[in-house]
Protein chains: 2
Amino acid sequence: MALDSKIHIHHPDQALLGALRAKVDGKTKPLGALGKLETLALKIGVVQQTLQPQLVRPVILVFAGDHGVVAEGVTPYPQEVTYQMVLNFLGGGAAINVFARQHGIALRVVDAGVKGEFPARDGLVAAKVGQGTESFLRGPAMTYDQCAEAIRRGRELTAAEIEAGSNVLGFGEMGIGNTTSAAALMSVLCDMSPADCVGRGTGLDDAGLLRKQSVIEQALALHGRHPADPLHTLMTFGGFEIAMMVGAMLGAAEKRALLLIDGFIATTALLVAARLQPAILEYSVFAHRSGEAGHTRLLAELHAQPLLDLGMRLGEGTGAAMAYPIVQAAVGFLNEMASFESAGVSERQD
Amino acid sequence: MALDSKIHIHHPDQALLGALRAKVDGKTKPLGALGKLETLALKIGVVQQTLQPQLVRPVILVFAGDHGVVAEGVTPYPQEVTYQMVLNFLGGGAAINVFARQHGIALRVVDAGVKGEFPARDGLVAAKVGQGTESFLRGPAMTYDQCAEAIRRGRELTAAEIEAGSNVLGFGEMGIGNTTSAAALMSVLCDMSPADCVGRGTGLDDAGLLRKQSVIEQALALHGRHPADPLHTLMTFGGFEIAMMVGAMLGAAEKRALLLIDGFIATTALLVAARLQPAILEYSVFAHRSGEAGHTRLLAELHAQPLLDLGMRLGEGTGAAMAYPIVQAAVGFLNEMASFESAGVSERQD
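What counts, and where the lines are drawn
Residues numbered from 1 in each chain as written. Chains lettered and ligands numbered in written order. Predicted model: local features only at pLDDT ≥ 70, side-chain atom pairs only at ≥ 80, totals over all residues. Heavy atoms only, no water. Helix = DSSP H or I, 4+ residues; strand = E, 2+ residues; numbered from the N terminus. Rg over C-alpha atoms; globule rule 2.2 N^0.38 Å. Buried < 20%, exposed > 50% of the residue type's maximum accessible area, 1.4 Å probe, protein only. Contact = heavy atoms within 4.5 Å. Areas by Shrake-Rupley, 256 points an atom, 1.4 Å probe, with all protein chains shown as cover. Buried area = accessible area lost by both parts, 1.4 Å probe. Salt bridge = Lys/Arg side-chain N within 4 Å of Asp/Glu carboxyl O. Phe/Tyr/Trp six-rings, centres within 6.5 Å; stacked < 30°, edge-to-face > 60°. Least-squares fit on C-alpha atoms with pLDDT ≥ 70 in both. Pairing = 2+ DSSP bridges. Axes fitted to C-alpha atoms, helices over the stretch in contact; angles between N-to-C directions.

Novice: So what exactly am I meant to see when it comes to the overall build of chain A here?
Specialist: Regarding its fold elements, chain A presents 14 helices and six strands. The C-alpha radius of gyration computed for chain A amounts to 20 Å, which stays within 12% of the reference 20 Å derived for 350 residues, consistent with globular compactness. Once the C-alpha set of chain A is aligned to its principal axes, its extents read approximately 70 × 40 × 40 Å. For chain A, the residues scored as buried account for 63% of the 350 residues in total. Relative to all contacts within chain A whose residues are 6 or more apart in sequence, the contacts with residues 24 or more apart total 75%. A total accessible area of about 11800 Å² is found for chain A, and carbon and sulfur atoms account for 51% of it.

Novice: Quick question: what am I supposed to make of the environment of Thr202(B) here?
Specialist: Relative to the elements of secondary structure, Thr202(B) occurs in the loop between α7 (194–197) and α8 (206–223). Placed 127 residues apart in sequence, Thr202(B) and Thr75(B) show a C-alpha to C-alpha distance of 7.1 Å. Contact partners of Thr202(B), with chain neighbours within four places excluded, come to Pro30(A), Arg348(A), Thr75(B), Pro76(B), Tyr77(B) and Arg313(B).

Novice: How should the interface of chain B and chain A be read in this particular structure?
Specialist: When the parts of a complex come together, some accessible area is lost, and that lost area is often taken as the interface size. Listed as interface residues are 56 residues of chain B and, on the opposing side, 56 residues of chain A. Across the interface of chain B and chain A, roughly 4500 Å² is buried in total on both sides, 60% from carbon and sulfur atoms. Broken down residue by residue, the surface that chain B buries against chain A is led by Tyr77(B), Leu310(B) and Arg348(B), which jointly contribute 13%. Two residues, Glu336(B) and Arg101(A), come together in a salt bridge whose shortest N-O distance is 2.9 Å. Put simply, the parts of the chain that give the side of chain B that touches chain A at least two residues each are α2 (36–48), α3 (80–91), α4 (95–102), α13 (318–336) and α14 (340–343) of chain B. Sorting elements by how many residues they give to the side of chain B that touches chain A places α13(B) first, with eight residues.

Novice: Help me out: how do you make sense of helix α9 (residues 230–237) of chain B in this one?
Specialist: One full turn of an α-helix is made of 3.6 residues, so residues set three or four places apart face in the same direction. Buried residues dominate α9(B), accounting for seven of its eight residues. If you follow the buried residues of α9(B), they end up packed against α5 (144–163), α6 (178–189), α8, α10 (240–254) and α11 (264–276) of chain B.

Novice: What's the story with the packing of aromatic side chains in this structure? I'm lost.
Specialist: Within a pair of aromatic rings, the relevant descriptors are the distance that separates the centres and the angle that separates the planes. Residue and element names in this part refer to chain A. All told, the structure shown has four aromatic pairs over all chains when counted by the stated rule. Judged by centre distance (5.4 Å) and plane angle (75°), the rings of Phe136 and Phe237 are edge-to-face. With Phe136 in the loop between β3 (124–126) and α5 (144–163) and Phe237 in helix α9 (residues 230–237), this pair connects stretches of sequence that are 101 residues apart. Using a relative accessible area of 2% as the deciding quantity, one classes Phe136 as buried.

Novice: Just checking my understanding: could you explain the relation of the copies chain B and chain A for this structure?
Specialist: For the pair chain B and chain A, the best superposition has an RMSD of 0.0 Å and corresponds to a rotation of 180° with a translation of 0.0 Å parallel to the axis. Within this description, the copies of the chain are treated as partners about a two-fold rotation axis. When C-alpha distances to the rotation axis are compared across chain B, the minimum falls at Leu308(B), with a value of 3.3 Å. Looking at the interface residues of chain B, 100% of them are also at the interface in chain A, so both copies use one shared face.

Novice: Teacher, can you tell me more about unusual backbone geometry here?
Specialist: Where the residue is not glycine, phi is negative for most of them; where a peptide bond is considered, it is trans in most cases. Of note, His303(A) is a non-glycine position whose phi angle comes to about 50°, a positive value. Structurally, His303(A) is set in the loop between α12 (293–301) and α13 (318–336). Judged by relative accessible area, which is 76%, His303(A) ranks as exposed. Positive phi, normally seen in glycine, also occurs at Arg57(B), with a value near 45°. For Arg57(B), the location among the structural elements is in the loop between α2 and β1 (59–65).

Novice: Hey, could you run me through the sheet that holds strand β1 (residues 59–65) of chain A in this one?
Specialist: Sheet strands pair by backbone hydrogen bonding; their relative direction is either parallel or antiparallel. All names here are of chain A. The strand order across the open sheet built from six strands is β3-β2-β1-β4-β5-β6, with neighbouring strands paired in parallel fashion. Each edge of the sheet is formed by a strand with only one pairing partner; in this case those strands are β3 and β6 (284–286). In this sheet, neighbouring strand axes are inclined to one another by 25° on average, regardless of whether the strands run parallel or antiparallel. Bridge count between strand β4 (residues 168–174) and strand β5 (residues 258–261): four bridges; the pairing is parallel. When the bridges of β5 are listed, Val168 appears paired with Leu258.

Novice: Which parts of the structure should I look at to understand the pairing of strand β4 (residues 168–174) of chain B?
Specialist: Side-chain positions along a regular strand alternate between the two faces of the sheet. Residues and elements named next belong to chain B. The element β4 is largely enclosed, with a buried count of seven among its seven residues. Relative to β4, β1 runs parallel, the two being bridged by six bridges. In the sheet register, Phe63 faces β4, and the bridge partner there is Glu173.

Structure below.
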């Protein structure tokens, strides 16, 4: 299976790395004393190809979609919570609203495939691909055309944001049942057992966790594993919000923006994107280690070191929003801190 | 050894905890899904004795002092860097300036005992107790009177900030050689070997690390260990900036402010304060796990779970400043998020 139109993500030129390193090391602090902020400053400088990076018009896109697999009893919450939570986002009352407001991040809520119709509302991007996916225990979650359409719309969405001036985009999601979908994708693409990929999601008990694992095992037996074809895997097990996020991430990196990757589901979308275009990882900042069990293994698979580990497991882009001030701090110290020379501070003597 | 005037820190009343927990659990998110933010929201609510906590006029105090023990070769940086960095703070070019500006935190630079005289400058609090401490390899680092005076001035400083309206105070420091002083304090008060308390500070090599450890071992042999007398221990091994921070922390908790504890040195000051008044821990938020080796053991001793782990090891209050938006987020979600009821979102069905 192939994408309709060719997406190509360039490896950013590393030539600037030496000058960036020298700038970081000249700041009034012991070598390496700003830890992960230093690594982050280098990464952003390379992505933006400048010694003076800037973060402009940060946006978080929250992709929402429903999942047919909810019918198999994989979550304690009813499916209509996806719809209700989209209204909560639009009303400004969800966690992501609070954190995005706190940091001056614009929020877009994208209906990628929620069951039910929304009235037109400010802040809602109507991009519905279908009324929720099919249960992947019965057949593929979506059709080929739906998968391609979701990716195409995601790519258009981020292209429009970047056109409007944004150079840093966060990715979050909402979809009752989507940890099951994400765990199935991870299981295939990382060649891991479902047991290593599942977690308690919104709060499954032990019996529920085993049921979720069993659902994925049955689905894998039904569809087989085709890790060499990430799009086929996405179509089979994905959600509309996950597929649209894959397209949005690809589109953002294609245009050389910085990507803030939220939690378990968003990282799974990035995994799909990275299997298509590995260079996307050079544009990606991992925001938060989710409390969802599979996430730590998934991060290890991607050699990712998330900025935060606050034990959150909410999605919505909350991790991306919480990590944003750290990204700002990395850019801030690089641009604003004095050097040993400019401040007249003595360097080490050995 | 006793303090001149009685400081008493009250255990905050826990009666509100149930109502706070209910408020957190009613928010539109799965139970516990905001992880450490939830614990933090409960703590702040209890400290402020309200279901609607507010953070008002955040301040970070950076205490600077010089250390006689630098003469024993415990750091690769020359002593005058303390003085030079104070000027850098006042000029706005240090890391803490960048991060404090980013988050709208006022910064006070306190000369607790830097060698040399500063011209009067905006933002500099002149509270010098001495021209640096004596080397604790030769005798006690400071006199009884100096130690008491440092604590008294620290307590006055935070009282004045709280009087002016602040209810959240961060504590940072600058002092070439002060990881050696802090490691010695920790070694006595936690009854641990110096090897378990030292780290590379601003960047010691292996030989330097062994020398630092040996200096502390010799000093312990000279002075003995008196863990039951934290003030005597502070006088013997402390720095003026550490002693003044102890007083400032005690003064802040006495007036029921929230304390943001930075890295290794600030945590050591809190350790001294907590051995005097254990209730201070109920007012303390641990900002960041320092890259300095002893810090992880010290945090464990205090049963502390820091908010951040960014591999920074710079002091100056940088960890406290970086953690501030997380503290804001905890207050923000508690005050601003919708409840299941108000948002019309269905709760779990099992």
